[in-house]
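# Coordinate analysis (summary)
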Amino acid sequence: MSSSKLRKVDGENREFKSEWEHNYFFILNRDHKPQCLVCFQVLAVLKEYNLKRHYMTNHKQKFGKHSCESRKVVCDQLKKKLFQQKSLFTNETKQQEEALLASYFVTYELMKAKKALSDGELIKNCAIKMAEAFNENKVGNKFQTVPLSKQTVTRRLEDISNQISNNVKDIIANCSYFSIALDESTDVSDTNQLLIFVRAIKEDFTIFEELLKVCSLHSTTRVTDGAKSMTGTISGFVGFLRQNQITVPTLHCIIHQEALCAKSIKLSTTMATVTKITNLIRGGNRSLTHRKFLTLLEEMDSAYGDLLLHTEVRWLSRGKCLVRFFELRHEIATFLREEVTNSAELQNDLEDVEFLRNLAFLTDITQHLNVLNLQLQGKKQTICQMVGFVDSFRKKLHLFKSALDKNNLLHFPCCRKLSEEEEGLEFRDYTEIIEDLSSEFDRRFNDFESFRPDISLFSNPIHCDIESQPGHLQLELCELQCDPSLNTSQVTGIDFWKLLSPERYPLLRNWALKLCSVFASTYICETAFSSLKHVKSKNRNRLSDVVLSHILRVATSQLEVDFISLVSSFMKPQCSH
C-alpha cells in the first residue's frame, strides 16, 4: 500500500480567489470552472498554476503592459464582452426554440384540418403579410424564422405521430382491458386500406379510442370483399382467427347491421324510380335542366330549393333524398310535364296512387331508421347504450305494426299528408313490410344476444335478480344492493360504476371495466375513412404509406400532444454539440 500523503486541496489553491480576475483575466463560470475572459477557454482544474500558465503562454504579450487601474478597466470590458456573448447565444437558442415550437403548432393544425403538407409555406407567407399589415415588422421577422417547408412539415408530422403512437402503447400497456375495431376500404389510388383502432379502458373508467395502425394492402388479399372480408367465417378475418385457434369474442358493427336491415325493405322499385327521376333532373351533364328546375322551385316558392342526389354508401342519404323528393313531388311532376320530353312513364308514376303510397311509406320508415342510425353514431358509446337504442327501435316496430293494422298514421307523417290529399287511402298492407323488417333485426342482431345478461346487469344492478347472475359476482351484488349511498344515487350507466369502491367491489368493477371496453361499432373507422378521402384525394394521391399513416394518426387522435417535450428532444442534440 502506498505511503504517499493525501493531496490537500487548500494547499493547491483550488478555491477561486478574486484577484485572479485582474491578474490572469479568469472568472468562475456557472459550472464552477475557470473560464478565460480573453479566449473564453474553460480549464478543467481550478489551480492558480494552470491559470497563470494559460495567461503567460497566450495573453501576456498583449495585456502585460496594463497594470493597476488600467488592468481593472480592461478586465471589466472583457467581462462585459463575455456576458454579451453568452446573452446572444441564449437569445438565439430561445428564438430557435420559439420558431421550432411554432412549426410544430402549425403542422399539428394542418394535419387536424387534413390539409396538404405544402400548405405550411402558404401559412407562413400569410402570417408575414398580416404582420406587415399591422405594421409589426419585428413580428414579421420572427415569422420569417419559422421553418415550414414541405420537408420540414413532414419531419414535424413524424415527431408528433411518433409521440402519439408511444402514448397509445403506454395506454394499452397500463389499461385494464382493450378491444380492437377493424375496417377496410379502398382509397382513390385503388389501394385497400385496413384501419385498426384500439379501445382501452383504465381503472377509473376513462376510455381511449385511438388509431393503432394503418395497413396499406397493395398485393392480393386473402379475404373477400365487403362486410364478409371481416365477418366471414370461412374466408373472412373472423374465419382466419378461428382457423388459427384464436378464440376471442367478435361482433359485426352494429351500425352496419342497421344499415343492412334498412336495405332489406321490399320497396326497391320505388327507390329506383326516385333515383332515376332525380338523376334525370340534376345528374350527370344536365346543368341546363337543373337550372330550369331551380328556377321553377323559386317561382313556386317551394319549401326546399333543390333535390338531393342519393349516395348508397352514406348511411343517411336514402332518408334525406326521400324526404326532399316527397315534399317536392308536385313541383317535380309539373317540371317533367313542361320541360322534360320522353318522360311520360315517369309522369305516370308521379300520378299513380300506388307509387305515391309506396313513396310516402318508404320515406316515413326510412326516416325512423335514420333516427336510429344517428343514435348509434358517436364515439366512446358502450355496447349497453347501443343495444338499448336497437331494442327501443324494435319496440317501435311493434307499435308501428299495431298502428297500421288500424290504419292509424300517427307515426307516419308523409302517409298522413298523402291520405289528406287522397281520401280513402289504406296503409294496412304495409304491416307485412314491418314484420319482415322486425324479423331482419332479430336475425342480424343475434350476435348481441350473448351479451344480453351482462347488459341487463350493467343497466340495473340495484334491482337485478342476484341468483341469476354469475356466481363470482353474487356476494358483491348483495353488498351493492344494500349500500345506502348507491341505492339513493341518481347516476346511471358507466357513471354509476365509477362510484363503486375498488376495495369493496373489486370483482364488480373489473366485470364492468371489461364490458365497457367492447367496441360495438366501427363508427370510428368510418370517420377515419372520411378523413382519408380528404387526405388522399385525386389531387393528392402520391402520399407514401408511412406519411399517410402519420397524417391519419394525428388527424384522428384525441390525445394531447406535449409540444414542449418535442422541442426539448429536438434541441438536445444541438445543445450537447
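Cut-offs used in this document
Residues numbered from 1 in each chain as written. Predicted model: local features only at pLDDT ≥ 70, side-chain atom pairs only at ≥ 80, totals over all residues. Heavy atoms only, no water. Helix = DSSP H or I, 4+ residues; strand = E, 2+ residues; numbered from the N terminus. Buried < 20%, exposed > 50% of the residue type's maximum accessible area, 1.4 Å probe, protein only. Areas by Shrake-Rupley, 256 points an atom, 1.4 Å probe, with all protein chains shown as cover. Lys, Arg positive; Asp, Glu negative; His and termini not counted. Charge placed at Lys NZ, Arg CZ, Asp CG, Glu CD. Domains from an automatic or database assignment. Contact = heavy atoms within 4.5 Å. Buried area = accessible area lost by both parts, 1.4 Å probe. Salt bridge = Lys/Arg side-chain N within 4 Å of Asp/Glu carboxyl O. Polar contact = N/O pair within 3.5 Å; in protein donor to acceptor, adjacent residues only side chain to side chain. Nonpolar A, V, L, I, M, F, W, Y, C, P; charged D, E, K, R; others polar. UniProt positions renumbered as here; feature names shortened; annotations may be inferred. Pairing = 2+ DSSP bridges. Axes fitted to C-alpha atoms, helices over the stretch in contact; angles between N-to-C directions. Arc of directions from axis to C-beta. Phe/Tyr/Trp six-rings, centres within 6.5 Å; stacked < 30°, edge-to-face > 60°. Lys NZ or Arg CZ within 6 Å of the ring centre and 35° of its normal. Patch = residues over 30% accessible without salt bridge, like charges linked within 9 Å, V, L, I, M, F, W, Y side chains within 5 Å.

Let us look at the overall build of the protein chain. Of regular secondary structure, the protein chain possesses 27 helices and five strands. For the protein chain, buried positions account for 43% of its 577 residues. Taken as a whole, the protein chain presents about 32,500 Å² of accessible surface, with 51% of it coming from carbon and sulfur. Looking at the protein chain, you have 75 positive and 72 negative side-chain charges, and the mean spots of the two groups are 14 Å apart.

Split by domain assignment, the protein chain resolves into domain 1 (18–65), domain 2 (107–251 + 539–570), domain 3 (261–442) and domain 4 (460–517). For domain 2 versus domain 4, the separation of C-alpha centres amounts to 37 Å. At the interface, eleven residues of domain 2 touch ten residues of domain 4. Buried area between domain 2 and domain 4, both sides added, is near 940 Å², and the carbon and sulfur share of it is 64%. In terms of surface lost to domain 4, no three residues of domain 2 exceed Tyr177, Ile201 and Phe205, which account for 67% of the buried area on that side. Counting every contact that joins domain 2 to domain 4 gives zero salt bridges. Scanning the region where domain 2 abuts domain 4 turns up four residue pairs in polar contact (both at pLDDT 80 or more). Only β3 (177–186) and β4 (192–201) provide two or more residues apiece to the side of domain 2 that touches domain 4. The residue inventory of the side of domain 2 that touches domain 4, partitioned by class, reads five nonpolar, two polar and four charged.

Following the UniProt record, the feature "domain: HAT C-terminal dimerisation" (unreviewed entry) maps to residues 491–546 here. Within residues 491–546, the helical portion is 55% and the strand portion 0%, while the C-alpha atoms at the span's ends are 45 Å from each other.

With that out of the way, let us pick up the UniProt feature "domain: SPIN-DOC-like zinc-finger" (unreviewed entry) in the protein chain. UniProt tags residues 18–63 as "domain: SPIN-DOC-like zinc-finger" (unreviewed entry). As a span, residues 18–63 carries 43% helix and 13% strand, and end to end its C-alpha atoms are 18 Å apart.

Reading across from one edge, β3-β4-β5 is the order of the three strands in this open sheet, with antiparallel pairing throughout. Only two strands of the sheet have a single neighbouring strand rather than two, namely β3 and β5 (207–217). Shown here is a sheet whose adjacent strand axes are inclined to one another by a mean of 20°, direction ignored. Sheet analysis places β3 next to β4, joined by ten bridges and oriented antiparallel. The partner of Phe178 across the bridge, within β4, is Ala200. Those strands touched by helix α26 (residues 545–556) are β4 and β5, and its axis lies near 160° from that of β5.

Taken as a whole and judged by the stated rule, the model has 25 salt bridges. Its salt-bridge partner being Glu351, residue Arg337 comes within 4.0 Å of it at the nearest N-O pair. Within this pair, whereas Arg337 is found in helix α14 (residues 329–339), its partner Glu351 is found in helix α15 (residues 344–351), the two being separated by 14 residues in sequence. In this structure Arg337 comes out as partly exposed when scored by relative accessible area, which is 46%. A relative accessible area of 52% means that Glu351 is categorised as exposed. In this structure, Asp391 and Arg394 form a salt bridge, with 3.5 Å as the shortest nitrogen-oxygen distance. Here Arg394 and Asp391 lie together in helix α17 (residues 383–405), a separation of three residues that amounts to about one turn. Its relative accessible area of 24% is what places Asp391 among the partly exposed residues.

Turning our eyes to something else, we now look at α15. Considered for burial, the residues of α15 that qualify are Leu346, Gln347 and Leu350. Looking straight down α15, one finds that the buried residues subtend no more than 105° of arc, so they occupy a single side. Exposed and oriented more than 90 degrees from the buried face of α15 are Glu345 and Glu351. Each element contacted by the buried residues of α15 is listed here: α11 (268–282), α13 (317–327), α14 and α16 (353–376).

Under the defined criterion, the tally for this structure stands at 17 aromatic pairs. Both rings, one in Trp497 and one in Trp511, keep their centres 5.5 Å apart while their planes meet at 55°; by these two values the pair is tilted. You can see Trp497 sitting in helix α23 (residues 494–498) and its partner Trp511 sitting in helix α24 (residues 506–516), a full 14 residues away along the chain. Linked through ring pairs, Phe361, Phe400, Phe412, Phe427 and Tyr430 together constitute an aromatic cluster. Just above the ring of Phe427 sits the side chain of Arg357; from NZ or CZ to the centre is 5.5 Å.

Our focus in this paragraph is a nonpolar patch on the surface. Residues Phe178, Ile180 and Leu212 make up a contiguous nonpolar surface patch of roughly 250 Å² in combined accessible area. Residue position: Phe178 is located in strand β3.

Of all eleven residues making up β5, eight are buried, and the element is well covered by its neighbours. Where β4 and β5 come together, ten bridges link them in antiparallel fashion. Bridge pairing in β5 places Val198 opposite Glu210. Following β4, the chain reverses through five residues before pairing antiparallel with β5; Phe205 in that reversal takes a positive phi of roughly 70°.

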